Amino acid sequence: MSQLLSARQLQVTFQGRHGRPDAKGVDGVDLDVAPAEILALVGESGCGKTTLARTLLGLERPSGGAVAYDGAELTHNRRFLRSYRRKVQLILQDPTGALNPRQSVYESVAEGIRIHKMVGVHRRAGDRVTEADLVARALSQAGMRPPQRFFLNYPHELSGGQRQRVVIAGALAVEPSILIADEPVSSLDASIRGEILALLLKLREDLGLSVLVVTHDLGLAWNIADRIAVMYLGRVVEVGTTEEVLAAPKHPYTRALLSVVPEIAQTEPIVLVGETPDPSRVPRGCRFHPRCPALLSGEAAAAGIEGDCRTKPLPVLAATGDHRAACRLPGRLTPS
Amino acid sequence: MSARQVAWRRRKDSAGRTWKEFRRHRTGVLGMVVLVVFALVAILAPLLVDSEGLSRTKATGLPLESPSSSYWLGTDEYGRSVLTLLIYGARVSLLVGLFATLISMVLGTLIGIASGFWRGWVGAALFRLTEWFLVIPFLPLALVLATLLGGSLFTIGFVIGVTSWPGTALLIRSQTLSIIGRPYMERARVLGAGDWHQMTRHILPNVMPMVFANTTLTVAGAILSETTLSFLGFGDPTRVSWGTMLDSAFTNGALTLGAWWFLFPPGICVVAVVLSFTLVGQSLEEIFNPRLRQRR
Amino acid sequence: MNASAEDAPLPLLQIIDLNVSYPTASGPLPAVRGVSLTVRSGESVGIAGESGCGKSTIASTVLRLQPKGAKVTGSVLVNGQDTQTMPWGQLRAVRWGDAAMVFQGALHSLNPVQRIGDQIAEPIRLHDESVGRNAAARRVAQLLEQVGLPPSRATAYPHQLSGGQKQRVMIAMALACRPQLIIADEPTTALDVMVQAQVLGVLTDLVHDLGLGLLLISHDLSVLGTTCDRVLVMYAGKVVEQGPAVSLFDHPLHPYGGALAAAFPRVGDPRARFAPVGLPGDPPDPQALPSGCPFHPRCALATEECRATDPPLEPIGTDREVACLHADEQRDMKLLLARSRLEAAQSAGGAAMAP
């Protein structure tokens, strides 16, 4: 399968201030998003998932590795970024902050249309449209119907769900092929959440859009994602289809994450000790080993790999499409 | 397109709301009334009094006559009516004040936005420049510039303008920095917006209310500065302003001669106009600056 | 409220027919409309609902922390005494000694330049001046252990702590004066699932080990489902459904409770796969509530009768109560949910197969 957006050996380093060591926000990630695929990038805050998303958007410069769109490597020159931004769009977490309070809905949605001269793009293709047509089209694609009714509203006059739809319409207006959504529903009310997720599914169906959704919420991934990549401390530690990863998790970290999803009548929760470590002090060996339940329980020792877990680093998990995990326990590194 | 018309009406509504809010500030309304009176007097000066009255050679009265029915505010050392001088002086003082403010606001806003927006050496250099202008004492710099450029109405306004922008620039810079961190700026960048687009479409509209409120405060300062420079003898000698009136009253010993009618009216006018601008400015600032509004 | 409750000892918290309205420029805004609830010791009660449904107003009213000018009727009894009418001195004692709050925005309410040990000790020494410095330090160490932090962290400054650790410090502060009741308003909203599990674990342990009462407020019904014994679902200032947490989460009787339960799907539930369930429309404007049942504009079951009648909360079975005209016909909301999921699955089904 040809990939739409891919990252290879991607690294992003933040310079340490006040003499602190550099922080490796993203520390070697291989990731592929196929056309019309919904991929969930899952992890706790501080695991580097937002940094990875920003790098894929060209907002952050990688310190190593590369991002490629449709086979062409992302370079940070002005002209390339401009055309890249018609293809890869962003949905932010907080729709209230993502809209300029002094711009009406029409102006917010028209912004991308004006920047990329979309009216001209359509006319050259023989499609005689006005700017208002394109704004209306984007708004109704995002589920704001009838669109004209909302043209002159200001963000503060809309509900949270409507604001998120306006943000989505603004992204759709430049006719991208992939949306990167950073926690798209975490600041919305429970009842609105399903509506926005259903919209993302519908956009994939109607427009063939790919979606990379960054989230800490496994239920969201179960709701809409085809595949899941679990991140821990700057690396992808497990990747596979949603069913594979959530029904038969291979990595002890994924298992722990899954066990604490608040649900009734579930398996005994594996609550990890401590917090995600500091990305400027990545542990030696397997980066998860200081918190690993398999190491604590002696499972690793029984498999005879305990020493390796503590000292030998693991290779970057390749984006092959199989279900695999960056873990030495038997059967984890290989596809099932 | 009717959307444009409705958008225009919404803008008018928002101006209406601001006006309604403003009317609740009594001191601001008082200042506004005083300013309107002064502005009308300055604009209608030729209709109110004859400009012949400004000529030293055609003066009709005796030098330093005290107020009477023919000279309501007495006469100056040439025998000209102080009232005539005062009315025409209002034109010069207000004009110089507004011109200087225009320069100051444009410079302050541009440099403020640019130094806040560009993080690299451009921003750092502009910030240093702002700080540098801020720490130079105003009066010596203005005097040096006025001497170099000569004392015409235009140069006085220019000198005051280029020396009074750093305060505005700092204010606008800090506003810009806070706006840059907002998510909608990131959204604009991802949509492919260039620097110019970001600055004109997102930052400028969001700092404009602050600029607007700051303008009224700057006008007050500029009028005071014009008076100071003129009083020190660096004004335009061919024009009458409140500052030059104070200057000649002082040099002709109005104080020792007891000619209070020559000294007090321009002084009171300066104080009244500066105070009014300040009152209006403070009210606008309270309306536009959300932080001040919360405190109320 | 329940027949079985009458012979039990005095409840820690008893709210009877509480009404709260805020004055606004456009008239009074009713935030809470006739809510009654009880929390006993060793019991945790959850309130679920979306923003603006009045759940946070209830939390702040318990300790009379509602904004000035808010109009309150009904009674809020903490240990049998009404906090709305008691004198200030007594209220101060109640605020730490009987009941304590853990707020939503707690992560920013620690003083950045004071060690956390001193911040925890502050209420202890304020409320009982006889407590010496050493005794206070011992109590701080004990409290930190109770919330699962090493006592050595007492010397840390807030910036040295992570979000979850700060939230635990806030819980330790709430526990400082040995309250019997803890009111936690969205205590885990800004936290990750793993940290959320840790913090919820601390709260549940406190209820079990110390026999505290807990009033937990959240928009996430699944959080309440795992943590609480009983749950109340609020909509537009009213309780629309209440009952034991597990049975309510598994078999919601009110369509709104059903939507909330479905919003956070069970991972592995095949019905939720590619079928997120949401509610159309927006929460109602409290100043212009719809006629009849306030939920009817968003309700799939709404009939003409719903537009006219606002149903009261009525018992169903032994331990459930629901305010819905169609609760009898729809005893099992799963039916409805299955139907809406099926529809969603049909519309998304083609795409699911595509890649």
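The shown structure was predicted, so the numbers you read here are calculated from the model rather than taken from an experiment. (Residues numbered from 1 in each chain as written. Chains lettered and ligands numbered in written order. Predicted model: local features only at pLDDT ≥ 70, side-chain atom pairs only at ≥ 80, totals over all residues.)

Draft legend 1. Geometry of the overall build of chain C. Of the regular secondary structure elements, chain C holds 11 helices and 12 strands. Expressed as a percentage of its 355 residues, the buried residues of chain C come to 49%. Of the contacts made within chain C by residues no fewer than 6 positions apart, 64% connect residues no fewer than 24 positions apart. (Helix = DSSP H or I, 4+ residues; strand = E, 2+ residues; numbered from the N terminus. Buried ≥ 20, exposed ≤ 12 C-beta atoms within 10 Å, placed from the backbone. Contact = placed C-beta atoms within 7 Å.)

Draft legend 2. Up close: the overall build of chain B. When you go through chain B residue by residue, the secondary structure sums to 14 helices and 0 strands. Across chain B, helices and strands are ordered from the amino to the carboxyl terminus as α-α-α-α-α-α-α-α-α-α-α-α-α-α. Expressed as lengths along the three principal axes of its C-alpha atoms, the size of chain B is roughly 75 × 45 × 40 Å.

Draft legend 3. Region of the structure containing the interface of chain A and chain B. Residue-level contacts link 24 residues of chain A with 19 residues of chain B. Elements with a minimum of two residues in the side of chain A that touches chain B: helix 2 (78-87), strand 6 (88-91), helix 3 (95-98) and helix 4 (105-115) of chain A. Residues belonging to the side of chain A that touches chain B are distributed by class as follows: 12 nonpolar, 6 polar and 6 charged. (Nonpolar A, V, L, I, M, F, W, Y, C, P; charged D, E, K, R; others polar.)

Draft legend 4. Broad picture of the sheet that holds strand 2 (residues 27-39) of chain C. Residue and element names in this part refer to chain C. Pairing within the open sheet is antiparallel, and its 4 strands lie in the order 2-1-4-5. Strand pairing shows two members of the sheet lacking a second neighbour, strand 2 and strand 5 (81-82), which therefore form its edges. Bridge count for strand 1 (residues 13-24) against strand 2 is 10 bridges, and the pairing is antiparallel. Of the residues in strand 2, the one forming a bridge with Pro 23 is Pro 28. On the sheet, helix 1 (residues 55-62) packs against strand 1, strand 2 and strand 4 (71-78) and is oriented at approximately 110° with respect to strand 1. (Pairing = 2+ DSSP bridges. Axes fitted to C-alpha atoms, helices over the stretch in contact; angles between N-to-C directions.)

Draft legend 5. Region of the structure containing the interface of chain A and chain C. Contact residues are listed per partner, giving 39 residues for chain A and 43 residues for chain C. For the side of chain A that touches chain C, the elements supplying multiple residues, two or more each, are helix 8 (190-207), helix 9 (218-224), helix 10 (242-247) and helix 11 (252-259) of chain A. The element contributing the most residues to the side of chain A that touches chain C is helix 8 of chain A, with 11 residues.

Draft legend 6. Broad picture of the arrangement of the chains. Counting contacts across all 2 pairs of chains that touch, the top pair turns out to be chains A and C. There is no contact between chain B and chain C; across them, the least C-alpha separation is 14 Å.

Draft legend 7. Main features of the sheet that holds strand 11 (residues 324-325) of chain A. Residue and element names in this part refer to chain A. As summarised here, the arrangement of the 7 strands in space is 6-7-8-3-9-10-11, forming an open sheet in which the pairing is mixed. On the outer flanks of this sheet lie strand 6 and strand 11, each paired with one strand and no other. As paired elements, strand 10 (residues 235-241) and strand 11 share 2 bridges and run antiparallel to each other. Looking across to strand 11, one finds that Glu 238 is bridged to Ala 325.

Draft legend 8. Main features of the pairing of strand 8 (residues 213-218) of chain C. All names here are of chain C. With 6 of 6 residues buried, strand 8 lies mostly within the body of the structure. Alternating positions in strand 8 separate into two faces, Gly 213, Leu 215 and Ile 217 on one and Leu 214, Leu 216 and Ser 218 on the other, with burial throughout. By the bridge criterion, 5 bridges tie strand 3 (residues 44-48) to strand 8 in an arrangement that is parallel. Along strand 8, the bridge assignment pairs Val 45 with Leu 215. Relative to strand 8, strand 7 (residues 181-185) runs parallel, the two sharing 5 bridges. By the bridge assignment, Ala 184 is partnered in strand 8 with Leu 216.

Draft legend 9. Geometry of the packing of helix 5 (residues 163-175) of chain C against helix 6 (residues 193-210) of chain C. Residues and elements named next belong to chain C. Packing of helix 5 against helix 6 brings their axes to within 10 Å, and their N-to-C directions diverge by 15°. Taken together, the axes of helix 5 and helix 6 are roughly parallel relative to one another. Where helix 5 crosses over helix 6, the two elements pack in a sense that is right-handed. Residues Gly 163, Gly 164, Gln 167, Arg 168 and Ile 171 of helix 5 touch helix 6, and the partners they reach there are Val 195, Gln 198, Val 199 and Val 202. Here the contact of helix 5 with helix 6 is composed, by residue class, of 4 nonpolar, 4 polar and 1 charged. (Parallel < 35°, antiparallel > 145°, perpendicular 65-115°, else oblique. Left-handed = near helix turned anticlockwise from the far one by under 90°.)

Draft legend 10. Looking closely at the environment of Gly64(A). Residues and elements named next belong to chain A. As for its placement among the helices and strands, Gly 64 is situated in strand 4 (residues 64-69). On a C-alpha basis, the gap between Gly 64 and Ser 191 in space is 42 Å, while along the polypeptide they are 127 residues apart. Not counting residues up to four positions away in its chain, the partners in contact with Gly 64 are Gln 9 and Gln 11.

Draft legend 11. Layout of the environment of Ala301(A). Residue placement: Ala301(A) occurs in helix 13 (residues 299-302). With 29 residues separating them in the primary sequence, Ala301(A) and Leu272(A) have C-alpha atoms 19 Å apart.

Draft legend 12. Here's a closer look at the environment of Ala59(B). Residues and elements named next belong to chain B. By secondary structure assignment, the location of Ala 59 is in the loop between helix 3 (45-48) and helix 4 (82-117). The partly exposed category is assigned to Ala 59, around which 18 C-beta atoms lie within 10 Å. The spacing of Ala 59 and Asp 76 is 17 residues in sequence and 9.6 Å in space, taken between C-alpha atoms. If we skip the residues at most four places from it in the chain, Ala 59 touches Tyr 78, Gly 79 and Arg 80.

Draft legend 13. Highlighting the confidence of the model for chain C. Residues and elements named next belong to chain C. Taken as a whole, chain C shows an average pLDDT of 84; of its residues, 89% reach a score of 70 or greater. Contacts from residues 1-5, a stretch scored under 50 in pLDDT, to residues over four places away or in other chains number 3 contacts. Low confidence marks residues 349-355, where pLDDT is under 50. Its contacts with residues over four positions away, or in another chain, come to 10 contacts. Here the predicted complex carries an ipTM of 0.86, next to a pTM of 0.83. (pLDDT = per-residue confidence, 0-100.)

Draft legend 14. Quick peek at helix 4 of chain A. Residues and elements named next belong to chain A. With respect to burial, helix 4 is a largely interior element, 9 of its 11 residues being buried. Listing the buried residues of helix 4 in full gives Val 105, Tyr 106, Ser 108, Val 109, Ala 110, Glu 111, Gly 112, Ile 113 and Ile 115. Of the residues flanking the end of helix 4, it is Lys 117, one or two places downstream, whose phi is positive at about 45°.

Draft legend 15. Spotlight on the pairing of strand 10 of chain A. Residue and element names in this part refer to chain A. Of all 7 residues making up strand 10, 6 are buried, and the element is well covered by its neighbours. One ladder, built from 6 bridges, connects strand 9 (residues 227-232) with strand 10; its direction is antiparallel. By the bridge assignment, Val 230 is partnered in strand 10 with Glu 238. Count of turn residues in the strand 9/strand 10 antiparallel hairpin: 2 residues, of which Leu 233 carries a positive phi of about 50°.

Draft legend 16. Just unusual backbone geometry, in detail. Between Arg145(A) and the following residue, Pro146(A), the backbone shows a cis peptide bond with an omega angle of -10°. Within the fold, Pro146(A) resides in the loop between helix 6 (131-141) and helix 7 (160-172). Located in the positive-phi region is Gln9(A), a residue other than glycine, with phi close to 50°. Here Gln9(A) is to be found in strand 1 (residues 5-14). If you check the backbone angles, Arg64(C) has positive phi at about 50° while not being a glycine. Note that Arg64(C) resides in the loop between helix 1 and strand 4.

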